[in-house]
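The primary structure of each chain is shown beneath.
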Amino acid sequence: MTQDEMKQAVAQAAIEYVEAGTIVGVGTGSTANFFIDELAKIKHKIEGTVASSEASAERLKGHGIEVFDLNSVSEIAVYVDGADESNKYLHLIKGGGGALTREKIVAAASKKFVCIADESKLVDVMGKFPLPVEVIPMARSLVAREIIKQVGGEPVLREGFTTDNGNIILDIHNLEIMEPTKIEQILTNITGVVTNGLFAIKPANVLLLGTQDGVKTIT
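As the structure is a prediction and not an experimental result, all values here were calculated from the model. (Residues numbered from 1 in each chain as written. Predicted model: local features only at pLDDT ≥ 70, side-chain atom pairs only at ≥ 80, totals over all residues. Heavy atoms only, no water.)

**Q** Explain a nonpolar patch on the surface to me, and be specific about the residues and the numbers.
**A** Where nonpolar side chains cluster on the molecular surface, the patch consists of Ile 136, Met 138 and Val 194 and spans about 300 Å² of accessible area. Examined against the element boundaries, Met 138 turns out to sit in the loop between strand S7 (131-135) and helix H5 (140-150). (Patch = residues over 30% accessible without salt bridge, like charges linked within 9 Å, V, L, I, M, F, W, Y side chains within 5 Å. Areas by Shrake-Rupley, 256 points an atom, 1.4 Å probe, with all protein chains shown as cover. Salt bridge = Lys/Arg side-chain N within 4 Å of Asp/Glu carboxyl O. Helix = DSSP H or I, 4+ residues; strand = E, 2+ residues; numbered from the N terminus.)

Now the structure itself:
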């Protein structure tokens, strides 16, 4: 199976977690796009969606799927999204596409978070993929200094990129994340940080992993 075929397989498997008549949270990125395309096949069964980015909202609308503002819904039954890295405890690094803040918000509002990824994303120790941190622009230098002082690594500005919220992203390179929950909390507490791409305090509930042998379910 190619990487895209694995992504397609986990997207199809994630449809099993979608309940009729509910609101579905939808993530951002290449794997989430496969899920959106699968969701379109059963759009008549769901009430609608909440999207974690403008790009995903546009793709959903292109399929004729209703997209609600999060403030207008009381509950999201399931949130389906990809990851840039995951460990066996379902702690994740997300935000390679820059939508980490909205992804974390939609995940927090959802009863269940189903992560879909291909087998290359499962690692023993996270951090090889640079950890994204969304930052208020005026705080860029302050936050970069505090990151180096408090957790280490090498924060690098993501050039030419602005988030849907109008902020910038610092990607932390060369960081070996041995304690994801602790690192997430430290970064969250730095003044000027909007959020960071670690999903460890509230990890995924289910990881559907695309492999050469089919889809593996990790809980």
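**Q** Break down the sheet that holds strand S6 (residues 110-118) for me, with residues and values.
**A** As summarised here, the arrangement of the six strands in space is S2-S1-S3-S6-S12-S13, forming an open sheet in which the pairing is mixed. Strands at the two margins of the open sheet, each flanked by one partner only, are strand S2 (48-51) and strand S13 (214-218). Across this sheet, the average inter-strand angle for adjacent strands is 25°, counted without regard to direction. In terms of strand pairing, strand S1 (residues 23-26) meets S2 through four bridges, oriented parallel. (Pairing = 2+ DSSP bridges. Axes fitted to C-alpha atoms, helices over the stretch in contact; angles between N-to-C directions.)

**Q** Explain the packing of helix H1 (residues 3-14) against helix H2 (residues 30-39) to me, and be specific about the residues and the numbers.
**A** Viewed as axis vectors pointing N to C, H1 and H2 meet at an angle of 50°, and their least axial separation amounts to 8 Å. Classified by the angle between their axes, H1 and H2 sit oblique to one another. The element H1 and its partner H2 pack so that their crossing is right-handed. Between H1, through Asp 4, Lys 7, Gln 8, Val 10, Ala 11, Gln 12 and Ala 14, and H2, the contact on the second element is made entirely by Ser 30, Thr 31, Phe 34, Phe 35 and Glu 38. For the contact of H1 with H2, the per-class residue count stands at five nonpolar, four polar and three charged. (Parallel < 35°, antiparallel > 145°, perpendicular 65-115°, else oblique. Left-handed = near helix turned anticlockwise from the far one by under 90°. Contact = heavy atoms within 4.5 Å. Nonpolar A, V, L, I, M, F, W, Y, C, P; charged D, E, K, R; others polar.)

**Q** Got a sec to walk through the pairing of S6? Specific residues and values, please.
**A** Burial runs high along S6: seven of the nine residues are buried. The sheet contact formed by strand S3 (residues 76-81) and S6 spans five bridges and is parallel. Looking at S6, one finds that Val 78 is bridged to Lys 112. (Buried < 20%, exposed > 50% of the residue type's maximum accessible area, 1.4 Å probe, protein only.)

The quantities given are spatial measurements derived from coordinates; they are silent on function.
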